[in-house]
Amino acid sequence: MAQRNPRYDVLFEPVPIGPVTAPNRFYQTPHATGMGYAKPKASATLRGIKAEGGWGVVCTEYCSIHPSSEDAPYGFLTLWDEEDVRALAVTTDAIHAHGSLAGIELWHGGMHAINKLMREPALAPSESSSHFVQPQQVRAMDKQDIAQFRQWQINAARRAERAGFDIVYVYAGHGYLPFQFLSPLTNQRSDEYGGSLENRVRLLREMIEDTREAVGDTCAVAVRLAVDEMHGPGGITSDGEGREIVEMLAELPDLWDVNLAGDLGYDSRSSRFSPEGYQEDYVSFVKSVTSKPVVSVGRFTSPDTMVSQIKRGVQDFIGAARPSIADPFLPRKINEGREDEVRECIGCNICRASNNEGVPLRCTQNPTMGEEWRRGWHPEIIVPQSSEAKVLVVGAGPAGLEASLALGRRGYQVMLAEAGRELGGRLVHEAALPGLGNWMRVRDHRVHMLEKLAHVEIFRESALTPDDMFDVAPDHVALATGSSWRRDGAGTLSAPAAEIDPALGALTPNDVFAGAELSGDVTIYDDEHYFMAGALAEKFVLAGHKVTLVTPHTLVSAWTEMTNEQIFIQQKLSGLGVEFIFSHALIKAGPGKLVWRCTYSGQEFETAANQLVLVTGRSPNRALHDALEARGGEWADAGIKSVACIGDCLVPSTIADAVHRGHRYARELEVPASNRMVRRERPIPELEAEVL
Ligand code: ADP
Ligand code: SF4
């Protein structure tokens, strides 16, 4: 086995955090899994794998301290009673089994917790409307409420200790209740908890002291603080009150976990809008005002950048949420001199989308994420091949590459045929769009790993026909031939598709990627609502075109609200001068005009028939599949036992889904259905309910 590069030794030094010691500097900061209290076994398995992968500290997601703070229908943990203690002890056991420390992010959302499940009134420092578009208002806490709230934190901290946690958080980040007391934008109180900064800090100070008293000297007390809420000088800023807060409380906690907030969108910005280490300018002051260890995040995947963070004194740990999702074994790979094998996060925020959609964690780069317990998928372990079969994979996009890699890891002999000269499929063009360069890591990681497998052969410039396949005579065929953008204008609004005059020369993204010339002003019709239309708009503006983006939705790139990018996309395109027409569907294109219909009123209006680009639905590239199926009678003679479609060729979707489907195909090939596990958690039998 390769040896660790001594350059990275510093990353593996133990670091004391109050009464406990982290075995190294790899710190998996709290992150949502979408699993929450309802899926304790799935959560525990996921966190245990992080510890096995070498993360010295592994934290949970947000864990509610009381029923007045819940986030249904999203996945959140609870420490409301002894049953929760028992359920979370499964997680601490899983983390401790690998010698790592377990941290818990105790949470009260205040005005962010609308409490649709428990129907408790939302609490806040001051009376106001809800933070979200909701008919509920939030209730100002009186002194009794504050005293009760402090007790809830104490109770939860004690339960956390009983559940076996080593680090207990006081969570004043991401705009949640303790932060709402800090910020002058949400705290308009006139008592000793409002007004001056000293007063606004009072509750946080009390919470740190209360928590320490609750856990004694067995657990460390961490403070998670948003040092800048990104709302400008009216709020907490890192060169204003954010700094003063850290100065005032500098030595009180055992660890500072610092980041940006406002909302989660700023903290976990996608690579389209922020590079690796993007929080450094905001958080780097913290170490200069406290002697306590500091952790922060920044989508760190390069060990050299990590070393630089430590050596330059930016932080004491390498905080990571997304990099630990994309590769739970990142620390171990660096420790074993295998840093070239790290599956780097691409910053696409599909992981954020799963939480925002209320489903278990998904990751573009790591298809096993969220499947550890449910399907029994381990990121580093895969069942060996079931036979000496040969597998032909057609198409080297995300699905074909992942299927080939996972099949190769199982030991199968694989032939991967790609029509083009370049590998990567859709990534070749999509990663070349403005801001999406990191997406190429999906291809590059897999190609790099495939090059290590002698029994996987890659054939470029090999557009296969059914005859070729019968000649090759594999045992199994996986068709990963991708999809093509539709040119009939049919998207999410589905039928009827628009009436499009072929003489108009409307283009699809495929035409643009194939090098079609655009003439003059461009109209993009987006009825897909993910990244493509917005990214093309940016590309066209940068090439000097005037761009109008029309969508039947009320927002630009509407689905990117799930990846926490929507606001940044609309901001950017507005700044670039892109014009928007919302709530209009394309009815007719040409001759001489584009006809649009308002999705609410039904009224129609026309615009000039300039260069139209259609970003709507995609059709699976099934020609090869259909041709093979038509010759099904010849399979047996050629020795072909199965033909399957994977990725976009099965059903067009995200890159994450293509990777997952490629991986699943490989995991399940020649595995009897009875051995393919898909488990669902059932509630753990209840204990006597406590009075909460
Ligand atoms: P996915 O996202 O499902 O992986 P992509 O569209 O990214 O799909 O990739 C599909 C790949 O399949 C492309 O690189 C394309 O060139 C290749 N391909 C399509 N048809 C054939 C074929 N007949 N033979 C070989 N490669 C093909
Ligand atoms: Fe990174 Fe994307 Fe995976 Fe999230 S989903 S961890 S952003 S690669």
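Let me sum up the structure you'll find in this document. Small disclaimer: the values here were computed from a predicted structure and weren't measured. (Residues numbered from 1 in each chain as written. Chains lettered and ligands numbered in written order. Predicted model: local features only at pLDDT ≥ 70, side-chain atom pairs only at ≥ 80, totals over all residues. Heavy atoms only, no water.)

Here's the deal with the pairing of strand 16 (residues 413-417)
For strand 16, the tally of buried residues reaches 4 of 5 residues, placing the bulk of the element in the interior. Sheet analysis places strand 15 (residues 390-394) next to strand 16, joined by 5 bridges and oriented parallel. Across the sheet, V393 pairs through a bridge with L416, a residue of strand 16. (Buried < 20%, exposed > 50% of the residue type's maximum accessible area, 1.4 Å probe, protein only. Helix = DSSP H or I, 4+ residues; strand = E, 2+ residues; numbered from the N terminus. Pairing = 2+ DSSP bridges.)

Some thoughts on a nonpolar patch on the surface
A cluster of nonpolar side chains, namely Y37, L117 and M118, defines an oily patch on the protein surface of about 260 Å² accessible area. With respect to the secondary-structure elements, L117 resides in the loop between strand 6 (101-107) and strand 7 (123-124). (Patch = residues over 30% accessible without salt bridge, like charges linked within 9 Å, V, L, I, M, F, W, Y side chains within 5 Å. Areas by Shrake-Rupley, 256 points an atom, 1.4 Å probe, with all protein chains shown as cover. Salt bridge = Lys/Arg side-chain N within 4 Å of Asp/Glu carboxyl O.)

Here we look at empty space enclosed by the protein
Scanning the entire structure with this criterion turns up 5 cavities of 30 Å³ or more. Volume-wise, the largest cavity comes out at about 90 Å³. Contributing to the lining of the largest cavity are 14 residues, with C345, C348, C351, C363 and T364 lying nearest its centre. Counting residues per element, the ones that place at least two in the lining of the largest cavity are helix 11 (322-326) and helix 13 (350-356). No other element matches the 3 residues that helix 11 contributes to the lining of the largest cavity. Classifying every residue of the lining of the largest cavity gives 8 nonpolar, 4 polar and 2 charged. Taken together, I346, C348, I350, T364, R426, W439, Y530, F531, T654, I655 and A656 make up the lining of the second largest cavity. In terms of residue class, the lining of the second largest cavity is made up of 8 nonpolar, 2 polar and 1 charged. (1 Å grid on protein atoms, 1.4 Å probe; cavity = no way out; pocket = protein on both sides within 12 Å on 5 of 7 lines; lining within 4 Å. Points joined across faces, edges and corners; volume = space filled by probe spheres on them. Nonpolar A, V, L, I, M, F, W, Y, C, P; charged D, E, K, R; others polar.)

Focus: the sheet that holds strand 17 (residues 456-459)
Strands in a sheet are paired, the pairing made by backbone hydrogen bonds, and the direction either parallel or antiparallel. With parallel pairing, the 5 strands of this open sheet are ordered in space as 17-16-15-18-29. Two strands lie at the open edges of the sheet, namely strand 17 and strand 29 (642-645), each paired on one side alone. The average angle at which neighbouring strand axes cross in this sheet is 15°, direction not considered. In the sheet, strand 18 (residues 476-479) pairs with strand 29 via 4 bridges, with the strands oriented parallel. In the sheet register, A478 faces strand 29, and the bridge partner there is A644. Against the sheet, helix 14 (residues 398-410) contacts strand 15, strand 16 and strand 17, and its axis sits at roughly 165° relative to strand 16. (Axes fitted to C-alpha atoms, helices over the stretch in contact; angles between N-to-C directions. Contact = heavy atoms within 4.5 Å.)

Some words on helix 3 (residues 143-162)
Taking 1.5 Å per residue, 20 residues should reach 28 Å; helix 3 reaches 29 Å between its end C-alpha atoms and fits that length. Burial in helix 3 covers these residues: D145, I146, F149, W152, Q153, I154, A156, A157, R159 and A160. One side-chain oxygen at the N-terminal end of helix 3 lies 3.1 Å from the backbone nitrogen of Q144; it belongs to D142. (Expected span 1.5 Å × (residues − 1). Polar contact = N/O pair within 3.5 Å; in protein donor to acceptor, adjacent residues only side chain to side chain.)

What about the sheet that holds strand 9 (residues 137-140)?
Reading across the sheet, the 3 strands line up as 7-9-8 and stay open at both edges, with mixed pairing between neighbours. Every interior strand has two partners, whereas the edge strands, strand 7 and strand 8 (128-129), have only one. Judged from the 2 bridges that link them, strand 8 and strand 9 form a sheet pairing that is antiparallel. Bridged to S129 within strand 9 is Q137.

With respect to the site of ligand 1
Neighbouring ligand 1 are 22 residues; A399, E418, A419, R426 and D648 lie closest to it. A distance of 2.8 Å separates an oxygen atom of ligand 1 from a polar atom in the backbone of A399. Here a nitrogen atom of ligand 1 and a backbone polar atom of L464 are 3.0 Å apart. Considered on its own, ligand 1 offers 590 Å² of accessible surface; in the complex 84% of this is hidden by protein. (Near = heavy atom within 4 Å.)

Focus on the state of the cysteines
Going through the model one piece at a time under the given rule, you end up with 0 disulfides. Unpaired in this structure, C63 has its nearest cysteine sulfur neighbour in C59, at a distance of 12 Å. (Disulfide = S-S within 2.5 Å.)

Focus on the side chain of T78
Assignment of secondary structure puts T78 in strand 5 (residues 77-78). With residues up to four places along the chain from it excluded, the contact list for T78 reads Y37, C63, S64, D84 and L88.

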